Amino acid sequence: MTENHQEEAVAAITQADTLDGLQAVKTRYVGKSGLVTRELGALGKLPPKERKARGAQINAVRQAIDAALTERESTLKRTALDARLASEAIDVTLPGLPLPAGGLHPINRVYDDLTRIYERLGYAVIEGPEVEDEHHNFEALNVPWYHPARDLQDTFWLEDGRLLRTHTSPMQIRYMVDHEPALKIVVRGKVYRYEATDATHEAMFHQLEGLVVGDGISMADLKGTIAEMARGLYGPSAKVRFQPSYYPFTEPGADFAVWWDNPRGAVSGQPGKWLELGGCGMVHPNVFKAVDDLREAEGKPRVYEGKTGFAFGLGPERIAMLKYGIPDIRYFYANDPRVLGQFRGELG
Amino acid sequence: MKLPYSWLQELIPNLPPVTELEPIFANLGLPLEGVDETPTPPEGVLLSAVLKAEAMEGTQLTKLTLDVGPQGERVIATGAPNAAGLKAGMVVALVTPGTTLDGTEYAVRTLQGVESWGMAASARELGIGESSSGILVFPAGTAKPGTSMRELWPSDHVLDIEITPNRADALSALGVARDLAAFLKLELKQPPAGPVPHGDGEIRISLPPKGLTIERDPSKKLRFGCDHFAARTVGGVQNGPSPLWMQRRLSLCGLRSIDLIVDTSNYVMMELGQPTALYDRRDVTDNQILVAFGLRQGEEVADLMGGTNTVGPEDLLILDGRERGISTVAEAFADAGQAQPGAGVLGIAGIMGGNHGRVRGDTTDVVIESAHFDAVLLRRTSTRLGLKTDAVYRYERGVDPLLSPRAADRVAGLLAEYGGGQIEAGATVVGEPEIPGEITASSDAIRALLGMDIDTAEMRAILVRLGCEVTGDGDTLKVLPPSWRIDMNIWQDVAEEVARLHGYAELPETLPTLQIHDSNIGASAGNDDRQNLRRTLAGLGFQEVVTYTFSSDEEAGRARAEAPGVRLRNPLTTDRTALRTALYPSLLRSALAYPKGERALLFELGRIFPASGEAERLGLLMRGPLAPNTYQGGVTGGYSVFRGLLEALGAAQGAALEIRQWRGEHVPSALHLGIAGEVVWNGQSVGWIGAVHPEIAQEFGLKGETFILEIAVPLPGRAWAFRDPSRAPAAWRDLAVIAPQDVGYGEIATLLKAEAGEWLESVEPFDVYTGEQIGAGQRSVAVRLVFRGAKTLTDAEVDPVMDRLMGAVRAQGWSIREK
């Protein structure tokens, strides 16, 4: 009859479709006064000879029932949990709470791209004043008042005789007066030109200026540095081209362009192009002399004459325009949220 | 500068084809801004000789009878202003019937009763030049009548060459060709020299002394006013149209043809780079020319373009021999057409000729001035007078100091050849021009500066090709630059020339190896701080803006900001006349771009320029909800959200942050009277936070609350110290303080923190109540105080602290709200 219990119990267990129902089956067979429990309790009444064999038999039945119970319980629990979770379903395709998502201005994103490269090369990143005096902006940079190169940099003059810096180069002077060589810096900041605004000209824009001074710095070092920047910006296939140019505070001077490999070159038939990015050159000895003169006036030792160095300058607006395909420089300072918002992520 | 390809090809017969020139020019440092293929006139434009020119009674028209060669004799009517003066034999460009120009087919038509067989065209009508002021006229004998004009005016390519201010030597066809020939190692054919030997001319010239100073910079001695002056005279010139080839070249260079005398002067300038001035000899009284400055100050000078210029003390003038005898410039500049032209000012040296002395219709005898003037002096005058001519453009960059006699000869030769002039006597040449001196360079130093291995022999060869004389042994290069390379002064200039002709493309790529000097350590700290701020703010949901630093008194007034401390002397527009004194007006302007009611969370890190000096600021702005309502509820904005974002910024920056309420007259006028406070960052006052005053918001067109903050950057830091977190459980107590409503929470918290002692871990407000239960004008602020010690704190330990705190509260005249 024990065997019958097992068959009955397992059938009942399999049929139980709720945890409560399963519990009832459990109580009926293996509960305190369940059928199997009772039979175990009745073992004592059997002769010792039979007791052992019978005991083993009942225990086997009990274990079979327990195993069936455990399995069934686990199945029912999983089903119940699945049912609960299903009832808790959320439409995950609905948008979430529209928390604000900030972003950096595209100019500063480009600046970050650039300064990351130069910081890796050991350059300090600095800023400086936007209101300058004529001496730092022009004279000390080998652009005396009568120099025709001044025509290239139309200037906003201030009522007090100072000016809005026309380039970041005056920071070359300020930094060298305050520090000693060897040095490696890049300068970031706004510059100003007295120029009517159009798609490619702004009265206010930005520059990144580099300056390296030490012993035995060469023009090849300058070219290698620009090439390193080009690879950092445009990948390992980027190349650099130097062509002679003129900046009064450099000698020799050059313009540099970077070869940009068109990733879709094979499709478009346009393999890439030279991007004219900026100007550079070896620091003119008159600049070192002007710095030493200023240092001497401050009671500092003359430490620049006889050194060599290079300087370069480029416009992040131009790089941003090329990188993001921005057609008009006026987009940068209109701060239209529909434009700025494009320099953040987007979720469909 | 524009030059036709054909002209360069004439000077360099083996010049590569135009399609190969772009990289060559770029590698020379004379980059091409453009290469334009210029058109040739259509087939049906025939050069035709004038037989008769008759004014048509009662009209503005002229009837021209033309010899059109195989087409026979033809008649046209034209309204061109220069048609009436045409002489028999002169050649015009006739657009014959059936020819299509600019989409229009020309046909025979009747004008005022004359059946006009086509049209005599201007350069613009033919699409070959800018000039539309009159029809093209060429000298007699230019071509056999009926010749198609395109045979003599073929298509060409105009190179638009960018010339940097140092390359004065390249501001001519010869200059560009010279550089190209040196670079390409090709033969250069010099333009024809003037045919005349020098001797004593009749013109006497007096130059100003050397070693002058000027007011702007008395410490700088000018080298000279004028250190080289060649004068030559040509008599019996028949002025008229210049030859077709000359008109064509000038037109391709972007210059207008005037007449033979003026065109010749311009042509020689384009050919050799030397500006010249041509005077009517009748006006050069006593055959004397005086170059001087300091004379005629304050007087008005009429120039040949009809302008009037007031003479300054430092303007270099060209005067004639009666200088001593005249009393006023007005007299000197009296119209030359008067019976007795006064002696006087022939011109403003190197910039523009005077009305007196100008070449006119009946001029036959010409005095040619070809001189070398001081660049600084001329630039100063030209800037002051606002006169920018092609001549002064060259002078201020630097004309070859030795070129004067050659150019005078060339002008004389051309006038003799094409104007039938008689070259009289010799030339008068005075002055002692200064030319660039010898430069001593070391080829080792050049190699080191360039980082490029070029052998010394190649350096010498390059420099010789450029026209330098090179001596010196071994490593030493003694370089005497040619007179036209006034930009070569130091050995680095020599290095550049070597690199330029060797090719910048050959420069290797290396990286500097330097041990940075100690003084540079930490120079990036400011930038690191700015980067941290930017990234944290973007992470907190703020959008960065970069705005114009320009502002105006009007905007400062509207924003109730400090009045501008720095104003522009030359503003571009009326709304940008000064520099901003605060960031928040820029942020308010930017917020306007955001739709009404929508969230705007903006920040800017930028510079301001108050009277106290340039400073850096961080500005924040918030409008609208933190999260707008959508299908679900949103999160409102308001001061507490704005302040919460600031607290998060402070926490991210490791700062102890405190806001102190401002009341009454302490509230800046830009802020809401009741929502304004001082921001204290690590114990230092750095700026303010608050809601924009509603009147200002309205002025800026902003509806709804706008919160702003403006603080000084760099923000003060603080020392970091590690505290071992205690594992003992916390003890907490609640306390409700009743104080007058104008007592800020900050004041209460500060008092509690000051009195609680070292166990107090935090104070957090959990209930703020005003109402009947505590009486009018009072407010209850309930705070939870959390205490923690090294070991578990007992009531016996915490209770005395609470007693002390309650005592302190009551000592302020406040009370404790009982439960």
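A quick note: this is a predicted structure, and the numbers were derived from the prediction, not measured.

As a further point, take the overall build of chain B. Scanning chain B from N- to C-terminus turns up 19 helices and 43 strands. Projected onto the principal axes, the alpha-carbon positions of chain B cover approximately 125 × 80 × 60 Å. Expressed as a percentage of its 819 residues, the buried residues of chain B come to 44%. Considering only residue pairs separated by 6 or more positions, chain B has 69% of its internal contacts joining residues 24 or more positions apart.

Looking at the assigned domains, one finds that chain B contains domain 1 (2-39 + 157-184), domain 2 (45-154), domain 3 (204-430), domain 4 (439-506), domain 5 (525-713) and domain 6 (731-816). Computed over C-alpha atoms only, the centres of domain 5 of chain B and domain 6 of chain B are separated by 33 Å.

Okay, unusual backbone geometry next. Residues Glu 251 of chain A and Pro 252 of chain A are joined by a peptide bond in cis, for which omega reads -5 degrees. Here Pro 252 of chain A lies in strand E7 (residues 250-261). Following Val 713 of chain B, the chain continues into Pro 714 of chain B via a peptide bond in cis, with omega recorded as 5 degrees. Backbone geometry places Lys 185 of chain B, a non-glycine residue, at a positive phi of 55 degrees. When the 10 C-beta atoms within 10 Å are taken as the criterion, Lys 185 of chain B is described as exposed.

The domains assigned to chain A are domain 1 (2-87) and domain 2 (106-343). The C-alpha-based centres of domain 1 of chain A and domain 2 of chain A are spaced at 85 Å.

Okay, the nonpolar core next. Phe 310 of chain A together with Ala 231, Ala 349 and Val 366 of chain B are the most contacted members of the largest nonpolar core, which has 235 residues in total. Those residues in contact with Val 366 of chain B that lie beyond four places of it in its chain are Thr 233, Val 234, Val 237, Ile 261, Leu 278, Tyr 279, Asp 280, Arg 281, Val 359 and Leu 415 of chain B. Counting 35 residues, the second-largest nonpolar core is a separate cluster that includes Val 45, Leu 46, Ala 49 and Val 91 of chain B.

With that out of the way, let us pick up the interface of chain A and chain B. Taken residue by residue, the interface counts 72 residues in chain A and 76 residues in chain B. Ranked by residues supplied to the side of chain A that touches chain B, first place goes to helix H8 (residues 219-234) of chain A with eight residues. Residue composition of the side of chain A that touches chain B, grouped by class: 46 nonpolar, 15 polar and eleven charged.

Turning next to the environment of Gln 15 of chain A. Residue and element names in this part refer to chain A. Structurally, Gln 15 can be placed in helix H1 (residues 2-15). On the basis of neighbour count, Gln 15 is assigned to the exposed category, with 11 C-beta atoms found within 10 Å. In the structure, Gln 15 is positioned 164 residues away from His 179 in sequence and 89 Å away in space, judged by C-alpha atoms.

What follows covers the confidence of the model for chain B. All names here are of chain B. On average, residues of chain B score 89 in pLDDT, and 94% of them are at 70 or above. Scored below 50 in pLDDT, residues 324-343 makes 45 contacts in the model with residues more than four places away or belonging to other chains. Here the complex is predicted with pTM 0.87, and the ipTM for its interfaces comes to 0.88.

Turning our eyes to something else, we now look at helix H4 (residues 244-252) of chain B. All names here are of chain B. For H4, the tally of buried residues reaches eight of nine residues, placing the bulk of the element in the interior. Leu 244, Met 246, Gln 247, Arg 248, Arg 249, Leu 250, Ser 251 and Leu 252 are the residues of H4 that are buried. Check the buried side of H4 and you find it contacts strand E1 (2-4), helix H1 (5-11), strand E2 (32-38), strand E12 (137-138), strand E14 (156-161) and helix H5 (260-272). With its phi angle positive at about 85 degrees, Gly 254 sits one or two positions after the end of H4.

All names here are of chain B. Note: strand E37 (residues 671-681) against strand E38 (residues 684-692), seven bridges, orientation antiparallel. Residue Ala 676 lies in a different strand from E38, and its bridge partner there is Gly 690. Joining the antiparallel neighbours E37 and E38 is a turn of two residues, in which Asn 682 adopts a positive phi near 50 degrees. Pairing geometry for E38 and strand E39 (residues 706-713), over five bridges, is antiparallel. Of the residues in E39, the one forming a bridge with Gly 690 is Ile 708.

Moving on, we get to the sheet that holds strand E26 (residues 366-373) of chain B. Residues and elements named next belong to chain B. Strand order in this open sheet of four strands is E19-E26-E18-E27, and the pairing throughout is antiparallel. Pairing within the sheet leaves two strands with one partner each, and these edge strands are strand E19 (276-280) and strand E27 (422-430). Between one strand and the next, the sheet's axes are offset by a mean angle of 20 degrees, whatever the strand orientation. In terms of strand pairing, strand E18 (residues 226-235) meets E26 through eight bridges, oriented antiparallel. Bridge pairing links Phe 229 to Ala 371 in E26. Strand contacts of helix H9 (residues 404-419): E18, E19, E26 and E27, with the helix running at about 15 degrees to E18, the strand carrying the most contacts.

So, on to the sheet that holds strand E8 (residues 272-283) of chain A. Residue and element names in this part refer to chain A. A sheet is described by the order of its strands in space; here seven strands give the open sequence E1-E4-E5-E9-E8-E7-E6, paired in mixed fashion. The sheet terminates laterally at strand E1 (124-126) and strand E6 (239-245), the two strands that pair on one side only. Here the average twist between neighbouring strands, direction ignored, is 25 degrees. As defined by bridge partners, strand E4 (residues 183-192) adjoins strand E5 (residues 204-214) across ten bridges and the pair is classed as antiparallel. Residue pairing across strands places Val 191 opposite Phe 205, the latter belonging to E5. Contacting E1, E4, E5 and strand E9 (308-314), helix H7 (residues 170-178) runs over the sheet at an angle of about 40 degrees to E5.

Reading guide: rules and limits
Residues numbered from 1 in each chain as written. Chains lettered and ligands numbered in written order. Predicted model: local features only at pLDDT ≥ 70, side-chain atom pairs only at ≥ 80, totals over all residues. Helix = DSSP H or I, 4+ residues; strand = E, 2+ residues; numbered from the N terminus. Buried ≥ 20, exposed ≤ 12 C-beta atoms within 10 Å, placed from the backbone. Contact = placed C-beta atoms within 7 Å. Domains from an automatic or database assignment. Core = buried A, V, L, I, M, F, W, Y, C linked by C-beta atoms within 7 Å. Nonpolar A, V, L, I, M, F, W, Y, C, P; charged D, E, K, R; others polar. pLDDT = per-residue confidence, 0-100. Pairing = 2+ DSSP bridges. Axes fitted to C-alpha atoms, helices over the stretch in contact; angles between N-to-C directions.

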